[in-house]
There are 2 protein chains.
Amino acid sequence: MDSARRVTIKEVARRAGVSYQTVSKLLNGQVQLAPATEARIFEAVRELNYRPLYSARSLRSQRSRTLGYSWTPTPPDQANQILDTLLQSMLHAAEAEDYHLLCFPHHADATRQLDSYIRLYETGRVDGFILSSVEYDDPRVIHLLGRGVPFVAFGRSSAGLEFPCIDVDGGLGLQMAVQHLLALGHRRIAALAWPEASRVGENRLSGYLRAMREAGIEPRPEWVRRGEGRVAFGAQAAAELLDLPAEIRPSALVALNDPMAIGAVRTALRRGLRVGQDLAVTGFDDTPLAHYLQPSLTSLRQPIWEIGQRLICQMTDMLKGGRPPEPACSLLAPELVVRESTVPGTQGRPEDLIL
Amino acid sequence: MDSARRVTIKEVARRAGVSYQTVSKLLNGQVQLAPATEARIFEAVRELNYRPLYSARSLRSQRSRTLGYSWTPTPPDQANQILDTLLQSMLHAAEAEDYHLLCFPHHADATRQLDSYIRLYETGRVDGFILSSVEYDDPRVIHLLGRGVPFVAFGRSSAGLEFPCIDVDGGLGLQMAVQHLLALGHRRIAALAWPEASRVGENRLSGYLRAMREAGIEPRPEWVRRGEGRVAFGAQAAAELLDLPAEIRPSALVALNDPMAIGAVRTALRRGLRVGQDLAVTGFDDTPLAHYLQPSLTSLRQPIWEIGQRLICQMTDMLKGGRPPEPACSLLAPELVVRESTVPGTQGRPEDLIL
DNA sequence: AACGTTCGCGCGAACGTTCGCATTCAGTAT
DNA sequence: ATACTGAATGCGAACGTTCGCGCGAACGTT
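Since the model is a prediction, treat every value here as computed from it, not as a measurement.

Draft legend 1. Focus on the interface of chain B and chain A. At the junction of the two partners, chain B supplies 66 residues and chain A supplies 66 residues. Summed over both partners, the interface of chain B with chain A buries about 5800 Å², with 55% contributed by carbon and sulfur atoms. Taken together, the links from chain B to chain A amount to 4 salt bridges. For the pair chain B and chain A, the number of links is 26 residue pairs in polar contact (both at pLDDT 80 or more). For the side of chain B that touches chain A, the secondary structure elements donating two or more residues are helix H4 (54–61), helix H5 (81–96), strand E2 (100–103), helix H6 (110–122), helix H10 (231–242) and helix H11 (258–270) of chain B. For the side of chain B that touches chain A, the element with the most residues is H5(B), which contributes 8 residues. Residue composition of the side of chain B that touches chain A, by class: 30 nonpolar, 20 polar and 16 charged. Two strands pair when backbone bridges link them, and strand E2 (residues 100–103) of chain A and E2(B) are joined in this way by 3 bridges, in the antiparallel orientation. Its bridge partner being in E2(B), Leu101(A) is matched across the sheet by Cys103(B).

Draft legend 2. Up close: the relation of the copies chain B and chain A. For the match of chain B to chain A, the screw axis carries a shift of 0.1 Å, the RMSD comes to 0.1 Å, and the turn is 180 degrees. The superposition of one copy onto the other is thereby described by a two-fold rotation axis. The overlap is high: 100% of the interface residues of chain B also sit at the interface in chain A, so the same surface is used on both sides.

Draft legend 3. Region of interest: the nonpolar core. One finds Tyr208(A) and Tyr208(B) to be the most contacted residues of the largest nonpolar core, which totals 92 residues. Ranked by size, the runner-up nonpolar core spans 50 residues in total, among them Ala94(A), Trp71(B), Val152(B) and Ile307(B).

Draft legend 4. The sheet that holds strand E9 (residues 280–282) of chain B, seen in detail. All names here are of chain B. On the basis of which strands lie adjacent, the open sheet formed by 4 strands has the order E7-E6-E8-E9 and parallel pairing. Each edge of the open sheet is held by one strand with a lone partner, namely strand E7 (224–226) and E9. Ignoring which end each strand starts from, the neighbouring axes of this sheet average 15 degrees apart. As defined by bridge partners, strand E6 (residues 189–193) adjoins E7 across 3 bridges and the pair is classed as parallel.

Draft legend 5. Expanded view of the protein's contact with DNA strand D. In the vicinity of DNA strand D there are 34 residues, among which Ile9(A), Ser24(A), Lys25(A), Tyr50(A) and Lys25(B) approach most closely. Protein-proximal atoms of DNA strand D, defined as those within 4 Å of the protein, fall in sugar or phosphate at a share of 54%. In this structure, Thr22(B) approaches DNA strand D through a side-chain N or O atom, which is 3.0 Å from a phosphate oxygen. For the surface near DNA strand D, the class distribution of residues is 13 nonpolar, 11 polar and 10 charged.

Draft legend 6. Quick peek at the side chain of Asp169(B). All names here are of chain B. Residue placement: Asp169 occurs in the loop between strand E5 (165–168) and helix H8 (170–183). One buried charged residue, Asp169, remains without a salt bridge, the closest side chain of opposite sign being Arg210 at 5.6 Å. Of the polar contacts made by the side chain of Asp169, one reaches the backbone nitrogen of Leu172; its length is 3.1 Å. With residues up to four places along the chain from it excluded, the contact list for Asp169 reads Leu331, Leu332 and Pro334.

Draft legend 7. Quick look at the protein's contact with DNA strand C. In the neighbourhood of DNA strand C, 33 residues make up the surrounding shell, with Lys25(A), Ile9(B), Ser24(B), Lys25(B) and Arg60(B) lying closest. A breakdown of the atoms of DNA strand C within 4 Å of the protein gives sugar and phosphate a share of 55%. Between DNA strand C and Ser19(A), the relevant distance is 2.7 Å, taken from a phosphate oxygen to a main-chain nitrogen or oxygen of the residue. Measuring from a base oxygen of DNA strand C, one finds a side-chain N or O atom of Gln21(A) at 2.9 Å. Across the surface near DNA strand C, the residue classes tally to 12 nonpolar, 11 polar and 10 charged.

Draft legend 8. Looking closely at the packing of aromatic side chains. Taken as a whole, this structure holds 10 aromatic pairs over all chains when the rule is applied. Ring geometry for Phe104(A) versus Phe129(A): centroids 6.0 Å apart, planes at 70 degrees, classification edge-to-face. Of this pair, Phe104(A) sits in the loop between E2 and helix H6 (110–122) while Phe129(A) is found in strand E3 (residues 128–131), placing the two residues 25 residues apart along the sequence. Its relative accessible area of 1% is what places Phe104(A) among the buried residues. Of the residues examined, Phe129(A) reaches a relative accessible area of 0% and is grouped as buried. Here the aromatic cluster, defined as three or more aromatic residues joined through ring pairs, consists of Phe104(A), Tyr117(A) and Phe129(A). Looking at Arg125(A), its charged tip hangs above the ring of Tyr54(B), at a distance of 3.8 Å from the centre.

Draft legend 9. Just the environment of Val275(B), in detail. Residue and element names in this part refer to chain B. For Val275, the position within the fold is in the loop between H11 and E9. Linking Val275 and Leu297, residues 22 residues apart in sequence, is a C-alpha distance of 9.9 Å. The contacts of Val275, once residues within four sequence positions are left out, are Val265, Ala268, Leu269, Pro295, Glu340, Ser341 and Pro344.

Draft legend 10. Structural detail: empty space enclosed by the protein. For the coordinates displayed, the defined rule picks out 6 cavities of 30 Å³ or more. Approximately 60 Å³ is the volume found for the second largest cavity. What lines the second largest cavity is Tyr54(A), Thr66(A), Leu102(A), Arg125(A), Tyr54(B), Thr66(B), Leu102(B) and Arg125(B). Residue composition of the lining of the second largest cavity, grouped by class: 4 nonpolar, 2 polar and 2 charged.

Draft legend 11. Broad picture of the sheet that holds E2(A). Ordered in space as E11(A)-E5(A)-E4(A)-E3(A)-E1(A)-E2(A)-E2(B)-E1(B)-E3(B)-E4(B)-E5(B)-E11(B), the 12 strands form an open sheet in which the pairing is mixed. The sheet is open, and its two borders are formed by strand E11 (329–332) of chain A together with strand E11 (329–332) of chain B, each paired with just one other strand. In this sheet, adjacent strand axes meet at a mean angle of 25 degrees when their direction is disregarded. Here 2 bridges tie strand E4 (residues 151–154) of chain B to E5(B), and the two strands are oriented parallel to one another.

Draft legend 12. Region of the structure containing the environment of Gly201(B). Residues and elements named next belong to chain B. Among the structural elements, Gly201 can be located in helix H9 (residues 199–214). When its relative accessible area of 2% is taken as the criterion, Gly201 is described as buried. Taking the C-alpha atoms as reference points, Gly201 and Leu256, separated by 55 residues in sequence, lie 7.1 Å from one another. When residues no more than four places from it in sequence are discounted, the contact partners of Gly201 are Trp194 and Leu256.

Rules used throughout
Residues numbered from 1 in each chain as written. Chains lettered and ligands numbered in written order. Predicted model: local features only at pLDDT ≥ 70, side-chain atom pairs only at ≥ 80, totals over all residues. Heavy atoms only, no water. Contact = heavy atoms within 4.5 Å. Buried area = accessible area lost by both parts, 1.4 Å probe. Salt bridge = Lys/Arg side-chain N within 4 Å of Asp/Glu carboxyl O. Polar contact = N/O pair within 3.5 Å; in protein donor to acceptor, adjacent residues only side chain to side chain. Helix = DSSP H or I, 4+ residues; strand = E, 2+ residues; numbered from the N terminus. Nonpolar A, V, L, I, M, F, W, Y, C, P; charged D, E, K, R; others polar. Pairing = 2+ DSSP bridges. Least-squares fit on C-alpha atoms with pLDDT ≥ 70 in both. Core = buried A, V, L, I, M, F, W, Y, C linked by side-chain atoms within 4.5 Å. Buried < 20%, exposed > 50% of the residue type's maximum accessible area, 1.4 Å probe, protein only. Axes fitted to C-alpha atoms, helices over the stretch in contact; angles between N-to-C directions. Near = heavy atom within 4 Å. Lys, Arg positive; Asp, Glu negative; His and termini not counted. Phe/Tyr/Trp six-rings, centres within 6.5 Å; stacked < 30°, edge-to-face > 60°. Lys NZ or Arg CZ within 6 Å of the ring centre and 35° of its normal. 1 Å grid on protein atoms, 1.4 Å probe; cavity = no way out; pocket = protein on both sides within 12 Å on 5 of 7 lines; lining within 4 Å. Points joined across faces, edges and corners; volume = space filled by probe spheres on them.

As structure tokens, this is what we get:
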């Protein structure tokens, strides 16, 4: 029963009356054959249900048509809506390019983690890697660059290192948020930001400053509050902002992430303010929750699907051309999702609302 | 620069002064060598930084040491906290067994999806599959069983098909929830259930009935409400239950999933009831949200990490033994996570609470 | 008629490993 | 001495494919 011998390319060739190398070349599109022979071969392939053996192709061609991917796991008490979408989009893009994704576990120990990358590459299991959660001076980036291992990263690293990557243009995102608020008539717009050490944070904040200045408004120092990006800080910072004298009290605020925005909304509600009218609020990241909150939260959605597509395509392009990794970093625009926290009565599915 | 020629096993052998086949056997643990030779070989391996080429091993040994995994994506507006944990746990278990996971995209078209599975197996890219989201008479199960392709499933299928699988004992979970409520003194306990067509639902519900009867309480028909497992239904069903005459009005209810439990909590709060005292509520699945709600929700957590481990180990065991897939289905107990919706003042991180 | 050129296909040789026996050699029993 | 044993290593042969080159025939061109 298990004696189902594997169908090899030679059997196909014999049945089609050609040499097996010819079959190989036809299937790899490396040669133009007489229509008759071509048909005979395809028919033989179909009849025998021939499938080329992966390991044999890989051994001979010295390519695995496989990319490695590993990610830092999310703590179980908070969901990662990114991962699912990103993986699916990468998998689909990879399939279209006839590539596959090999996933391997994350290790907290950097040496161990690095060893996983190196081993996969040196054993020829993968042709390259997709990196995510890239940190400043990420050791993976340093070592992979050093060994000439092809990779594409989701997220930029520090200025010193140059490598191909895809990232979301956070500055543009905040610019969009501010312009949205300006269009609604707001003039006194504040920002809830991270500490200055954060590159992503400074990048996003710069978009706020830029948009304000472009509108001819010099953002006051009091309007920029910095702290850790959690709900509690957002609530407290919003309280301080609302306590400012009326002539400089913000009527709107942009937060660099959703939790801070949620905190700000809570403060406003507690003070009996109408969110979206007395105080408009925007977040960043578009937490799945943002949709279900009361009021629902205007936020900036990262184009995850497109990011996945680009990561894979950039990678396969690199492998195709055999070009050295070009340090081009593509920036993608986030999408402003307008909801009730800036325009009341916009939408929401109140029947399924959480609390 | 790219002329870094691959180090082969023959070079290692030459340097160690043995035949290359001996090196192979030593590295695969198939032979006992004289300590001196063994040391020489290991040293040569280290000095040359030799790594066996994956495709060559795989070609010769006819094994890929790789498992395929595909999953149905979650709609982007709701997060899937399972996926991340399950993947990581499977990846770690696989690594321990020297296996890898090859992920491939989901296709809505069943034929296309099936073709992905078959192709991966027939090209020798994978030795077997891990299946999740198994449906009734799942076509994947039918075809894989028919072709003798090894696989292990997360979740049982219909009674007609027998195959190796891991599942969570939902009945036991509800039994635990009910026993928890009984221990708190509740006697009139209702259940929010799914329509009868659901196998998972009937399984969970049976645990409710069993626990009640074991406690000498015959559950009244009015106490079992069936509907789609959403927040809205939970809210409505809870309202109906709370409108029952005092002598049969429930003081506690178990929901077969978290959204229904959340709906019930909302109804209770709107009526000014103290949740956890006037009405105790339990959910199922332990949504990440359950932790952050006000009041936080008592729920049943699926042992995802252990499920991943078991899936992989059962799979590798099967491949090791070459045994035919034994249709044993392991059931794992969920964990009851007690929070404020049954025992007020238990915990919660109010400072980070959403709304 | 002799000469390139292109087309269609074939041939030998890898690719780097593991498999299954065969062989050697020392030690022990006959 | 001879034959037997087991431990330590070697040897040839796959595994199924792609690579690179070559060769004959058909085709137009001088």
